[in-house]
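# Inside the fold
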Amino acid sequence: MGKGPGLYAEIGKKARDLLYKDYQTDQKFTLTTTSPTGVAITSAGTKKGELFLADVNTQLKNKNVTTDIKVGTNSNLFTTITVDEPAPGLKAIFSIRVPDQRSGKIELQYLHEYAGISSSIGLTANPVVNFSGVLGTNVLALGTDISFDMKTGNFTKCNAGLSFSNADLIASLALNEKGDFVNASYYHIVNPLTNTAVGAEVTHSFSTNVNTITVGTQHALDPLTTVKARVNNVGKASAVIQHEWRPKSLFTISGEVDTKSIDKSPQVGLALALKP
């Protein structure tokens, strides 16, 4: 376990990654190349049905400053500048999307042994201000995540979360969407030698009185191949197999079937990530 409680976004992250990461029904190809000077260029293409999306991301690093410049299919230019540790425990992030000049945002993150704080503000006349904070340790942590729209004078987001962790178990409880959703998640490492783990997530909506339950597992067949599977209470069953056929180069196949409508064709996704 890491030192300190971390940021609010990390509450329940292990269970979310187990249950949702790498599951997809699209076709995606990613190629990353690195120059001798350290400039990394990543080209990605994704086919979603009849729609094809592509983007090119260039990353430049100079000491503790990282600059990411991304150009997408719609010709938007998204730039992020990250300054790592201008002071101990502090990270500063500036981002903007061109031509939308109102998209500029500054974010500050601070990590302490007993706290994790993140705050951001939009660079407009009436910005949206976001604040999240976590207090506690790497065992028990309590946090909140709120957003305030200065133009309307309303809170657009108000969440709270609790996390408990030990060597092989992580449990979390969160209240989201201004108290309308309650989410509980569980992640347990069964065998660290084979990366075998199980996880579950339960979400209840008070406004609709609808429950969503998802359970899943993962297991490493060998040091380079991992399989994952999940199922939810509406009958959707999914599986993933991911193979690292060379260092940092991954081939992923995922599929999903609706067990309540077995006459429907299963959805299949493919992803290939190359890093020479």
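In this text the structure is predicted, and so the values were computed from the model without any measurement. (Residues numbered from 1 in each chain as written. Predicted model: local features only at pLDDT ≥ 70, side-chain atom pairs only at ≥ 80, totals over all residues. Heavy atoms only, no water.)

This part is about unusual backbone geometry. The omega torsion across valine 98 and proline 99 is 15°, close enough to zero to call that bond cis. Mapped onto the fold, proline 99 is located in the loop between β6 (90-98) and β7 (105-112). Positive phi, close to 60°, is recorded for lysine 63, a residue that is not glycine. Among the secondary structure elements, lysine 63 is positioned in the loop between β3 (51-62) and β4 (65-72). With a relative accessible area of 84%, lysine 63 lands in the exposed category. Here the phi dihedral of asparagine 209 falls at roughly 60°; this positive angle occurs in a residue that is not glycine. With respect to the element layout, asparagine 209 can be found in the loop between β14 (196-205) and β15 (210-222). Accessibility expressed as a relative area gives 58% for asparagine 209, which makes it exposed. (Helix = DSSP H or I, 4+ residues; strand = E, 2+ residues; numbered from the N terminus. Buried < 20%, exposed > 50% of the residue type's maximum accessible area, 1.4 Å probe, protein only.)

Centre-to-centre distance and the angle between the planes together describe a pair of aromatic rings. In total, this model carries one aromatic pair according to the counting rule given. Here arginine 230 stacks its cationic end above the ring of tyrosine 23, 4.1 Å away from the centre of that ring. (Phe/Tyr/Trp six-rings, centres within 6.5 Å; stacked < 30°, edge-to-face > 60°. Lys NZ or Arg CZ within 6 Å of the ring centre and 35° of its normal.)

Our focus in this paragraph is a nonpolar patch on the surface. Side chains of Leu221, Ile241, Trp245, Phe251, Ile253, Val268 and Leu270 sit close together on the surface and give an oily, nonpolar patch of about 600 Å² of accessible area. If you trace the backbone, isoleucine 241 turns up in strand β17 (residues 236-246). (Patch = residues over 30% accessible without salt bridge, like charges linked within 9 Å, V, L, I, M, F, W, Y side chains within 5 Å. Areas by Shrake-Rupley, 256 points an atom, 1.4 Å probe, with all protein chains shown as cover. Salt bridge = Lys/Arg side-chain N within 4 Å of Asp/Glu carboxyl O.)

Attention now goes to the pairing of strand β13 (residues 181-191). Looking along a regular strand, one sees side chains alternate from face to face of the sheet. By the bridge criterion, eight bridges tie strand β12 (residues 169-176) to β13 in an arrangement that is antiparallel. Bridged to alanine 174 within β13 is asparagine 183. Two elements, β13 and β14, share 10 bridges in a ladder whose sense is antiparallel. Bridging across to β14, serine 185 finds its partner in glutamate 201. Count of turn residues in the β13/β14 antiparallel hairpin: four residues, of which asparagine 195 carries a positive phi of about 55°. (Pairing = 2+ DSSP bridges.)

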